[in-house]
Amino acid sequence: MPALLNRYATPLITGLFLISLVSGVALFLHWGSAWFHGMHEWLSLALILPFGLHLWKNWRPVTAYLKHPPLWIALAGSLVLALAFALPAATGGAGAGGRPPHFAFAERMMSGTLPELAAVLDREPAALAADLAAAGYASSPDQTLAEIAAAQGRTSGEVMALLLSTGR
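Keep in mind that what you see is a predicted model, and the values were worked out from it rather than measured.

Colleague: How do you make sense of helix H7 (residues 114-121) when you look at a structure like this?
Modeller: Within an α-helix, residues lying three or four positions from one another point in the same direction, as the helix has 3.6 residues per turn. Those residues of H7 not exposed but buried are Leu 114, Leu 117, Ala 118 and Leu 121. Across the axial projection of H7, the buried residues extend over an arc of 120 degrees, all falling on one side. Facing away from the buried side of H7 by more than 90 degrees, the exposed set consists of Ala 119 and Val 120. Contact partners of the buried residues in H7: helix H6 (101-110), helix H8 (125-134), helix H9 (145-151) and helix H10 (156-165). Among the residues trailing H7, Asp 122 stands out with phi positive, at a value near 55 degrees.

And the structure:
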């Protein structure tokens, strides 16, 4: 391994791990999610290369760990913890189709018509239709919000934001 890579594998792991640590805690606490989301994902992926270099540099000690139970116990425990998060989503336990419940709920709301959603929004269907028309959306009472958005080339989020921001 070139001396430069050998010299920087562990420091790169340390720096990228600290970034992953700070951004992960910020995401968990919902602080600055817009700032930290992409950073956390991409720099955690970037961590793979220095981790591989670190393994290469320290291969002899790593093989020594492989011969003793603590590494296997830690790996098995990590796998169990990961499965505790992954299985509910994979089996549909987190929400419809394994999605987070709030995403599944929003999709159900978007499949509702104006008369169906009026009660949820504590508004009259005609008022919802008027708000949509004022914003340039054509709608009919039998269309779902998703259909209304698609017909105008807009996203579901834009329609939801409009209806939540008007009339209150």
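Colleague: Would you explain the nonpolar core in this entry?
Modeller: Side chains of a nonpolar character, in soluble globular proteins, are inclined to be buried together. Among the nonpolar cores identified, the biggest contains 15 residues, and Leu 132, Leu 145, Val 159 and Leu 163 are the most heavily contacted of them. Elements that contribute at least two residues to this core include exactly H6, H7, H8, H9 and H10. The biggest single contributor to this core is H7, with 4 residues. Residue contacts for Leu 145: discarding those within four places in its chain leaves Met 109, Met 110, Gly 112, Leu 114, Leu 117, Val 159 and Leu 163.

Colleague: What is the right way to read unusual backbone geometry from this model?
Modeller: A positive phi angle, close to 60 degrees, is found at His 30, a residue other than glycine. For His 30, the position within the fold is in the loop between helix H1 (3-28) and helix H2 (33-46). Located in the positive-phi region is Asp 122, a residue other than glycine, with phi close to 55 degrees. Relative to the elements of secondary structure, Asp 122 occurs in the loop between H7 and H8.

Colleague: Explain a nonpolar patch on the surface to me, please; I cannot follow it from the model alone.
Modeller: Judged by side-chain polarity, Phe 17, Leu 18, Leu 21, Val 22, Val 25, Phe 28, Leu 29 and Trp 31 come together as a nonpolar surface patch covering roughly 840 Å² of accessible area. Along the chain, Phe 17 turns up in helix H1. Classification of Phe 17 as partly exposed rests on a relative accessible area of 45%.

Cut-off values and rules
- Residues numbered from 1 in each chain as written.
- Predicted model: local features only at pLDDT ≥ 70, side-chain atom pairs only at ≥ 80, totals over all residues.
- Heavy atoms only, no water.
- Buried < 20%, exposed > 50% of the residue type's maximum accessible area, 1.4 Å probe, protein only.
- Helix = DSSP H or I, 4+ residues; strand = E, 2+ residues; numbered from the N terminus.
- Arc of directions from axis to C-beta.
- Contact = heavy atoms within 4.5 Å.
- Core = buried A, V, L, I, M, F, W, Y, C linked by side-chain atoms within 4.5 Å.
- Patch = residues over 30% accessible without salt bridge, like charges linked within 9 Å, V, L, I, M, F, W, Y side chains within 5 Å.
- Areas by Shrake-Rupley, 256 points an atom, 1.4 Å probe, with all protein chains shown as cover.
- Salt bridge = Lys/Arg side-chain N within 4 Å of Asp/Glu carboxyl O.

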